[in-house]
Amino acid sequence: MKAGFIQTSPIFGRVRENVEDAVKRIRALDADLVVLPELFSTGYQFRNRAEALNLAEDTGAGYAVTRLMDTARDMKVYIVAGLAERVGNRVYNSSVLVGPREGLIGTYRKAHLFWNEKKIFAAGDTDFDVYDIGKARVGMMICFDWIFPEAARTLALKGADIICHPSNLVLPYCPQAMITRSIENRVFSITANRIGSEGRIRGRNLKFIGQSQIVAPDGTVIFRTGGRKAEGKSFEISVKEARRKNITPLNNVFTDRRIDLFNL
Ligand code: ACM
């Protein structure tokens, strides 16, 4: 199958423009599965919760998800994308999976909120679910979830072949760390990050590092892009590689786990 990412440079608050830019890039990509960044439609640095509520969309019903569903149908592609999701007066930092026939398949709400996100978003209340999209089983986690290995482990133990990882990375560690997440679980990981900067809060200028990447189950970085260009990339991957959990004939990353000693 062909799997890829779109690295974007959203403009804060310009939902339609950001969505149309992403749609154009998805349409130009030959892929069965494509991953977009975290909060791809709104931008990242909300000044307060009211601003986030105002720009967020109701589950499965807003401009971004509607356009993604249209695009999935037209291009016969599965899309994972991060967006601000409104539920009553709560806002979640969420990720959706949409499919060509299915429309909205699943929503994941970011479990581990980063820094000031804790002042804006409600902490996620969804499980780390895995979805069968025919050519692969996929799971979602969002950006800072990377530093909690249990997130990727849970998805892998539930059968994910590919971890889709919408991100808005500002710290430098994640691209390297995701190589380990792939190796220790023997899964593909696709981190879709954004570029550009946002300085909407005085003294807190955020620069996003780009470096979107696809990593194979043996830790090979199939492709990592740079930090300056918005671009989409897709690659042929063999999902079968993610279903072999042995690293030697006598070592299996799942069945060798000494759960009996992991008493916390
Ligand atoms: C992050 O979780 N957006 C760093």
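The structure this text deals with has already been given above.
Note that the coordinates shown come from a computational prediction; the quantities given were computed from them, not determined experimentally.

## Thoughts on the packing of helix 5 (residues 149-157) against helix 6 (residues 174-185)
A pair of packed helices can be characterised by two numbers: the angle between their axes and the separation between those axes.
Alright, step 1. At a minimum axis separation of 10 Å, helix 5 and helix 6 run at an interaxial angle of 40°. The hand of the helix 5/helix 6 crossing is right-handed. From helix 5, Pro149, Ala152, Arg153 and Ala156 reach across to helix 6, where they touch Arg181, Glu184 and Asn185.

## A closer look at the pairing of strand 8 (residues 137-140)
Alright, step 1. Looking at chain direction, strand 7 (residues 130-132) and strand 8 are connected through three bridges and run antiparallel. Considered in strand 8, the bridge of Val130 is made with Gly139.
Alright, step 2. Once strand 7 ends, the chain turns through four residues before running back antiparallel as strand 8, passing Gly134 with a positive phi of about 95°.
Alright, step 3. Across three bridges, strand 8 lies against strand 9 (residues 162-166) in parallel orientation. In the strand pairing of strand 9, Met140 is matched with Cys164.
Alright, step 4. Of the crossover connections in this fold, the one passing from strand 8 over helix 5 to the parallel strand 9 is right-handed.

## Quick look at the packing of aromatic side chains
The way to describe two aromatic rings as a pair is by their centre distance and the angle between their planes.
Alright, step 1. If you walk through the whole model with that rule in mind, you get nine aromatic pairs.
Alright, step 2. For the pair Phe5 and Phe223, a centre-to-centre distance of 6.4 Å together with 25° between the ring planes defines the contact as stacked. Here Phe223 lies in strand 14 (residues 221-224) and Phe5 lies in strand 1 (residues 2-7), a separation of 218 residues in the sequence.
Alright, step 3. You can call Phe5 buried: its relative accessible area is 0%.

## Focus on the sheet that holds strand 7
The strands that make up a sheet are held in pairs by hydrogen bonds between backbone atoms, and each pair lies either parallel or antiparallel.
Alright, step 1. With mixed pairing, the six strands of this open sheet are ordered in space as 7-8-9-10-13-14. One side of each edge strand has no neighbouring strand; the edge strands of this open sheet are strand 7 and strand 14. For this sheet, the mean inter-axis angle between neighbouring strands, taken without regard to orientation, is 15°.

## Things to note about the pattern of salt bridges
Alright, step 1. Within this structure, the stated rule accounts for 23 salt bridges.
Alright, step 2. A salt bridge links Arg14 to Glu17; the shortest N-O distance between them is 2.7 Å.
Alright, step 3. Its relative accessible area of 42% is what places Glu17 among the partly exposed residues.
Alright, step 4. As a salt-bridge pair, Glu198 and Arg194 come within 2.6 Å of each other at their nearest N and O atoms.
Alright, step 5. Classification of Glu198 by relative accessible area gives buried; the value is 4%.

## So, helix 1 (residues 15-27)
Alright, step 1. For helix 1, with 13 residues, the first-to-last C-alpha span of 18 Å sits near the 18 Å given by 1.5 Å per residue.
Alright, step 2. Where helix 1 is concerned, the buried positions are Val15, Asn18, Val19, Ala22, Val23 and Ile26. All buried residues of helix 1 fall inside an arc of 135° around its axis, so they share one side. Across from the buried face of helix 1, at angles greater than 90 degrees, the exposed residues are Arg16 and Lys24.
Alright, step 3. Those residues of helix 1 that are buried lie in contact with strand 1, strand 2 (33-35), helix 2 (49-55), helix 3 (63-75) and strand 4 (78-87).

## Description of a nonpolar patch on the surface
Alright, step 1. A grouping of Ile259, Leu261 and Phe262 is seen on the molecular surface, where their side chains present a nonpolar patch of about 330 Å² in accessible area.
Alright, step 2. Looking at the element boundaries, Leu261 is found in the segment after strand 17 (251-252).
Alright, step 3. Owing to a relative accessible area of 57%, Leu261 belongs among the exposed residues under this scheme.

## Observations concerning unusual backbone geometry
Alright, step 1. Backbone geometry places Leu39, a non-glycine residue, at a positive phi of 50°.
Alright, step 2. Structurally, the position occupied by Leu39 is in the loop between strand 2 and helix 2.
Alright, step 3. Leu39 sits in the buried class, given a relative accessible area of 0%.
Alright, step 4. With a phi angle near 35°, Cys143 is a residue other than glycine that sits in the positive phi range.
Alright, step 5. Structurally, Cys143 can be placed in the loop between strand 8 and helix 5.
Alright, step 6. We classify Cys143 as buried; its relative accessible area is 7%.

Rules of the game
- Residues numbered from 1 in each chain as written.
- Predicted model: local features only at pLDDT ≥ 70, side-chain atom pairs only at ≥ 80, totals over all residues.
- Heavy atoms only, no water.
- Axes fitted to C-alpha atoms, helices over the stretch in contact; angles between N-to-C directions.
- Helix = DSSP H or I, 4+ residues; strand = E, 2+ residues; numbered from the N terminus.
- Left-handed = near helix turned anticlockwise from the far one by under 90°.
- Contact = heavy atoms within 4.5 Å.
- Pairing = 2+ DSSP bridges.
- Right-handed = clockwise from strand over helix to strand, strands pointing away.
- Phe/Tyr/Trp six-rings, centres within 6.5 Å; stacked < 30°, edge-to-face > 60°.
- Buried < 20%, exposed > 50% of the residue type's maximum accessible area, 1.4 Å probe, protein only.
- Salt bridge = Lys/Arg side-chain N within 4 Å of Asp/Glu carboxyl O.
- Expected span 1.5 Å × (residues − 1).
- Arc of directions from axis to C-beta.
- Patch = residues over 30% accessible without salt bridge, like charges linked within 9 Å, V, L, I, M, F, W, Y side chains within 5 Å.
- Areas by Shrake-Rupley, 256 points an atom, 1.4 Å probe, with all protein chains shown as cover.

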